[in-house]
There are 2 protein chains.
Amino acid sequence: MEDIRVYFIGDSYVNGTGDPEYLGWPGRACAASRSDASSITCYNLGIRGDTSTDVLRRWEREVASRRLIPHDGRVVFGFGANDCWILEGKSRVERTDTIRNTEQILSRARSLFPTLMVGPPPGIDESEDARRQEMSALIREIAGRAGVPYLEVIKELRAEGVWQREAALGDRIHPAEGGYSSLAKLVLAWPQWWFHETQRR
Amino acid sequence: MEDIRVYFIGDSYVNGTGDPEYLGWPGRACAASRSDASSITCYNLGIRGDTSTDVLRRWEREVASRRLIPHDGRVVFGFGANDCWILEGKSRVERTDTIRNTEQILSRARSLFPTLMVGPPPGIDESEDARRQEMSALIREIAGRAGVPYLEVIKELRAEGVWQREAALGDRIHPAEGGYSSLAKLVLAWPQWWFHETQRR
C-alpha cells in the first residue's frame, strides 16, 4: 500500500476555521481520496491570519519536521486572502511582496514536491471580494510561471452561493460545513488533483 | 463570543493516522466541545513517528507561529508511544531522556498556557503494550510533578477493545474511526477537559 503524506499549507481557509465538523476542505478531500491502494496522511498546516510572508517564513521548516524519507510527500498551498486584507488603510502585504513571496514559495516547493495551489475564496463585502478576485488572478499568473497547477475557486464559490451565505451568518469571514464542502468538491473535481476515482481500486 | 485556540501536539495518535474520517480524537473532541458561547480553533500538530525529543525540538516554535495574542491558547500533548518503540534492539529514546524531555516540555508549557496531557494508547503486541503501560505510568508521574493534568487511556481502551481490534485489522499500529472515537469520549468525559456540557449555553 502506498503511503502518501499531504501537507496543506496556508491560512484559516486551509485550517477550516468555522467548520463545526472540523474537517475543512483538506479533511474532506483526503477522506474522499483515500483508497485500499493508498493511505493518505493529512497534515493541516493552515494558520489563521497567515499571509504569503508568514507562509514563506515557516512552510519549509514545518514540512521538514513532518517529512519522513522515503515516504511520498505532496504539497498544497492556499493563501492570498490575508495579503489583500485592508488594515489601517492599506493591504497587509504589498503587491510586490506578495509576488516575490509567492514566486519563492512555489518555485522552491515545486523543486522538492509535487505541488498544487488553491486560490482564495470569495469575500463577503463587495470591495473585499473585488480585492480577492484581483489576488486570485495575480496568483494564477505567478503559479503559471512557476509551473504549479492553480485552482481558481472564487467565481464558482460565489456563483454557488453557499460559501457566502454561511459566512454572512457566521463571523463574516469563514463559512461553515457547506462552504468547505463546496470547496472540497471543486478540488476533487479538478483534473490536477492527484487522486481520482478511476485511479482507485 | 470567546475565541479559543487549542494546540494538539504529539505523535500519529494525535494526528489521527488511520482514521478514514480524518478527524482523529482532537477533531472529535473539538466538534463536541464548541458552543454558541465559544468558538474553538483546532490546530492539529501531531506528527507520525514523533518522540518526546522531536516534540521538545519543535512544539514551542510551532505554537508561536499560530498564537495570536490576545486570543486564548491552550495546549494538549500526546506522546510517549514512540519513545518506547524498539528499533535495532533498543528504545528509540532512553528512559532518562524521555524523563528530561517531558519535564522540560510540560513545565515550559504550563508556564505559558493551560496545559493537559493524554497518555499513550494500547499496543497490539503484548510486549509493545507492556512497554506502553510502563511509559504511561512514567508520564503520569512526570505530569503530576509538573502540575499538568494527565489522562491515562491505555487501560480503558484495552478493556473496551475497539482500539486494538481496529489496529489489528489495519497497520497494527493505528486504529480507524472507532478507536479514535473511543479516545475522544475519554477526553470529553475527563473532568479536566476544559469544555463541558454544563458550562455551555
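See the structure above.
Cut-off values and rules
Residues numbered from 1 in each chain as written. Chains lettered and ligands numbered in written order. Predicted model: local features only at pLDDT ≥ 70, side-chain atom pairs only at ≥ 80, totals over all residues. Heavy atoms only, no water. Helix = DSSP H or I, 4+ residues; strand = E, 2+ residues; numbered from the N terminus. Rg over C-alpha atoms; globule rule 2.2 N^0.38 Å. Buried < 20%, exposed > 50% of the residue type's maximum accessible area, 1.4 Å probe, protein only. Contact = heavy atoms within 4.5 Å. Lys, Arg positive; Asp, Glu negative; His and termini not counted. Charge placed at Lys NZ, Arg CZ, Asp CG, Glu CD. Buried area = accessible area lost by both parts, 1.4 Å probe. Nonpolar A, V, L, I, M, F, W, Y, C, P; charged D, E, K, R; others polar.

In terms of helices and strands, chain A carries eight helices and seven strands. The C-alpha radius of gyration computed for chain A amounts to 16 Å, which stays within 12% of the reference 17 Å derived for 201 residues, consistent with globular compactness. Expressed along its principal axes, the backbone C-alpha trace of chain A runs to roughly 50 × 35 × 25 Å. Expressed as a percentage of the 201 residues in chain A, the buried residues total 57%. Considering only intrachain contacts with a sequence separation of at least 6, the fraction spanning at least 24 residues in chain A is 78%. Averaging the locations of the 27 positively and 29 negatively charged side chains of chain A gives two centres separated by 4 Å.

With that settled, consider the interface of chain B and chain A. Counting residues at the interface gives 26 residues for chain B, matched by 26 residues for chain A. Area buried by chain B at its contact with chain A is led by Tyr22(B), Arg48(B) and Arg66(B), which between them contribute 31% of it. When contributions to the side of chain B that touches chain A are tallied by element, the ones reaching two or more residues are strand S1 (2-10), helix H2 (24-33), strand S2 (38-46) and helix H3 (52-66) of chain B. Per-element tally for the side of chain B that touches chain A: the top contributor is S2(B), with seven residues. For the side of chain B that touches chain A, the class distribution of residues is ten nonpolar, seven polar and nine charged.

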